[in-house]
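# Descriptive analysis of the structure
Next come the chains, spelled out residue by residue.
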Amino acid sequence: MGKEIGNFWGAFADGAILFPLIATLSSSSGYSSTVLFFTAGVLYILAGLYFKIPMPVQPLKAISVAAVVNGASFTEVRLAGALIGLFCLGLLFFHVEKFSNRIPTFLIHGIQLGLGCMLIRKAIDSGIPLFYHPLDHVSLVILMAVVASLIASKITSFSTLGLLAAMAALFAISQNPMSSSNLHFIDDNTLRWNLILTLVLPQIILTMANSVIATPDAAKRYFGDKASKVTLRSLLTSLGIGNILMSLIGGLPFCHGSGGMTAHVRGGSYHGRSNFYIGLFLIVLSAIQYFSKHIVLVYPPLFLCVLLGTVGFYHLQLAKPSWNDSNARVELIAMGATAFLTQNLIDSLLAGVIIAFAKPLFFARKVSNHDLLS
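Before going into details, it helps to say that this report is about the structure given with it. (Residues numbered from 1 in each chain as written. Predicted model: local features only at pLDDT ≥ 70, side-chain atom pairs only at ≥ 80, totals over all residues. Heavy atoms only, no water.)

### Thoughts on the overall build of the protein
Worth spelling out the cut-off: Helix and strand definitions follow DSSP, with helices as H or I runs of at least four residues and strands as E runs of at least two, each counted in order from the N terminus. Between buried and exposed lies partly exposed: a residue is buried under 20% and exposed over 50% of the maximum accessible area for its type, with that area taken using a 1.4 Å probe on protein chains only. Here, two residues are considered to be in contact whenever any of their heavy atoms come within 4.5 Å of each other. For the accessible areas, the method is Shrake-Rupley and the probe is 1.4 Å, while residue cover comes only from the protein chains on display.
Within the protein, the regular secondary structure consists of 17 helices and 2 strands. Counting all 374 residues of the protein, 53% fall into the buried class. For the protein, restricting intrachain contacts to residue pairs at least 6 apart in sequence, the fraction spanning at least 24 positions comes to 87%. By element, 69% of the accessible surface of the protein is carried by carbon and sulfur atoms, the whole surface being about 17100 Å².

Structure follows, in structure tokens:
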């Protein structure tokens, strides 16, 4: 019984990423949060039934964060998700391992660092106006709950912040004003290919590294032979078909990430039933919104601000392996600073690539000048 309770609590361990990104997508990119909740729930349940282990269903973070920060339209995000799906299906005809080995590690960690910087910048920008007003009792309760959750996470190694984010979603739904339609999508039909490129290219790198390559490795380390269905081909098929379908119906653009799997396992998940618990909760949320005619999930602004900042901080730490390599620090600093200042992952990628190419030339010239002086 105690083990199954852990399986239940662990189901919500990745909620600190899932719920705020659903909230921001619905409020910034015209998605119906009713449909986002429902499709996320169905995807979670299907992933648990097929893979038989706790398999995370995460929003495509590079697309979701860039979409929110850069103001992408509903059509642009859906098209970006469809392109990721087509890319994944296309890879089934090639040797994926050879392709992934050509992606420099610092670029992968640099994108994760850039995402963290963009989330922190977004939290700062949205949080500054909040502090012009005195904190009311609700804001104080939110801050105390977040602090207590972070302390509890350190003590128990369980991400209580994810469970807090899930409970806040229930609170947000109960506080939202009623709308005239409950499945309404908001779209201005804007289509900017340069912005779509900004959404897609960094996501391709992250999907290859974190979803397609790292997830089978993490699954085998955690579950051994029980993870026999978690293969490169099965993940590519799931992400390919799934994201194309999601783009057609306006559902959640998603991935399966090794970080999300680690969060579920550390939270206590040990079986695919964990997916059923979080999936059922998400479907219940969508039903509540449907019958109460809610379209947009509106989190308490302060709580969303704190969540985005906290998730951003955790994303910075994903770059630690490359940061420990002194040869990659200059690239990481450039990519992080560029992402923070420009709020654009393509600019961040270009900064990293340019410095990586320029460094050998710089040091070669430096050595040459030293030889001449000597």
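Further notes follow.
### A short note on the layout of surface pockets
Under the convention used in this document: Put simply, the grid is 1 Å and covers the protein atoms alone, a cavity is a trapped set of points that fit a 1.4 Å probe, a pocket is an open set with protein on both sides within 12 Å along at least five of seven lines, and lining residues have an atom within 4 Å of a point. Grid points are joined across faces, edges and corners, and a volume is the space filled by probe spheres set on the points. Here the term charged refers only to Asp, Glu, Lys and Arg, the term nonpolar to Ala, Val, Leu, Ile, Met, Phe, Trp, Tyr, Cys and Pro, and the term polar to all other amino acids, Gly among them.
Roughly 320 Å³ of internal volume is contained in the second largest pocket. Along the wall of the second largest pocket there are 19 residues; nearest its centre are Leu 43, Leu 46, Ser 238, Gly 242 and Phe 254. Listed by contribution, the elements that provide at least two residues to the lining of the second largest pocket are helix 3 (33-51) and helix 11 (232-249). In terms of residue class, the lining of the second largest pocket is built from 13 nonpolar, 6 polar and no charged.

### Remarks on helix 16 (residues 329-342)
What counts is decided by this rule: Expected span of a helix: the number of residues minus one, times 1.5 Å.
Taking 1.5 Å per residue as the helical rise, helix 16 with its 14 residues ought to reach 20 Å, and the 20 Å between its terminal C-alpha atoms agrees with that figure. Buried within helix 16 we find Glu 331, Leu 332, Ala 334, Met 335, Gly 336, Thr 338 and Ala 339. Remark: Gln 343 follows helix 16 within two positions and exhibits a positive phi of approximately 55 degrees.

### Focus on unusual backbone geometry
For residues other than glycine, phi is negative in most cases, and the peptide bonds are mostly trans. Of note, the phi angle at Lys 52 is positive, near 70 degrees, even though the residue is not glycine. On the secondary structure map, Lys 52 appears in the loop between helix 3 and strand 1 (58-59). Since its relative accessible area comes to 46%, Lys 52 is described here as partly exposed.

### Concerning the nonpolar core
Counted only if it meets this: Here, nonpolar core means buried Ala, Val, Leu, Ile, Met, Phe, Trp, Tyr and Cys residues that are tied together by side-chain atoms lying within 4.5 Å of each other.
Counting residues in hydrophobic clusters, the biggest one holds 102 residues, and the most contacted among them are Phe 19, Phe 37, Ile 53, Val 230, Leu 252, Leu 282 and Tyr 299. In terms of residue count, helix 10 (residues 193-223) provides more of this core than any other element does, 13 residues in total. Aside from chain neighbours lying at most four places away, what touches Phe 19 is Phe 37, Gly 162, Ala 165, Ala 166, Ala 169, Ile 278, Phe 281, Leu 282, Leu 285, Leu 297 and Tyr 299.

### Observations concerning the environment of Leu 201
Following the sequence through the fold, Leu 201 ends up in helix 10. Considering only alpha carbons, one finds Leu 201 and Ile 63, 138 residues apart in sequence, at a separation of 9.2 Å.

### Notes on empty space enclosed by the protein
According to the stated counting rule, one finds 2 cavities of 30 Å³ or more in the structure shown. Approximately 60 Å³ is the volume found for the largest cavity. Together, Ile 17, Pro 20, Leu 21, Lys 61, Val 65, Leu 119, Leu 308, Val 311 and His 315 line the largest cavity. Breaking the lining of the largest cavity down by element, the ones donating at least two residues are helix 2 (15-28), helix 4 (61-70) and helix 14 (301-317). When the residues that make up the lining of the largest cavity are grouped by side-chain class, the tally is 7 nonpolar, 1 polar and 1 charged. Taken as a whole, the second largest cavity spans an internal volume of roughly 50 Å³. Taken together, Leu 21, Thr 24, Val 65, Val 68, Val 69, Leu 119, Lys 122 and Leu 308 make up the full set of residues lining the second largest cavity. Breaking the lining of the second largest cavity down by element, the ones donating at least two residues are helix 2, helix 4 and helix 7 (105-127). Considering each element in turn, the lining of the second largest cavity owes the most residues, 3 residues, to helix 4. Tallied by class, residues from the lining of the second largest cavity come to 6 nonpolar, 1 polar and 1 charged.

### Examining the packing of aromatic side chains
The condition that has to hold: Stacked, edge-to-face and tilted are the three classes for Phe, Tyr and Trp ring pairs, Trp counted by its six-membered ring, which pair at centre distances within 6.5 Å; planes under 30 degrees apart are stacked, over 60 edge-to-face, the rest tilted. Working rule: Lys NZ or Arg CZ, within 6 Å of ring centre, within 35 degrees of ring normal, means a charge sits over the ring.
Applying the stated rule across the entire model yields 12 aromatic pairs. An angle of 65 degrees between the planes, with centres 5.5 Å apart, marks the rings of Phe 8 and Phe 12 as edge-to-face. Residue Phe 8 is classed as partly exposed on the basis of its relative accessible area of 32%. With relative accessibility at 3%, the residue Phe 12 sits in the buried group. Here the aromatic rings of Phe 313 and Tyr 314 are separated by 6.1 Å at their centres, their planes lie at 50 degrees, and the arrangement is tilted. Assessed through its relative accessible area of 47%, Phe 313 is described here as partly exposed. Joined through ring pairs, the aromatic side chains of Phe 8, Trp 9, Phe 12, Phe 19, Phe 37, Phe 276, Tyr 277 and Phe 281 make up one cluster. Here Arg 221 stacks its cationic end above the ring of Tyr 222, 5.5 Å away from the centre of that ring.

### A few points about a nonpolar patch on the surface
Spelled out, the test is: Without a salt bridge and with relative accessible area above 30%, a residue can belong to a patch; like charges are then joined within 9 Å and nonpolar side chains (Val, Leu, Ile, Met, Phe, Trp, Tyr) within 5 Å. A carboxyl oxygen of Asp or Glu within 4 Å of a side-chain nitrogen of Lys or Arg is what we treat as a salt bridge.
A grouping of Met 167, Leu 170, Phe 276, Leu 280, Val 284 and Ile 288 is seen on the molecular surface, where their side chains present a nonpolar patch of about 480 Å² in accessible area. Elements supplying a minimum of two residues to the nonpolar patch: helix 9 (160-175) and helix 13 (273-291). Among the elements that take part in the nonpolar patch, helix 13 stands out by supplying 4 residues, more than any other. For Val 284, the location among the structural elements is in helix 13.

### Notes on helix 10
Taking 1.5 Å as the rise per residue, helix 10 with 31 residues should run 45 Å; its terminal C-alpha atoms sit 42 Å apart, in good agreement. Gly 224, located one to two residues past helix 10, shows a positive phi value of around 60 degrees.

### Concerning the pattern of salt bridges
This model, assessed by the stated rule, comprises 4 salt bridges. Note that Arg 221 and Asp 217 form a salt bridge whose closest N and O atoms lie 3.3 Å from each other. Of the two residues, Arg 221 and Asp 217 are both situated in helix 10; the distance of 4 residues between them amounts to about one turn of the helix.

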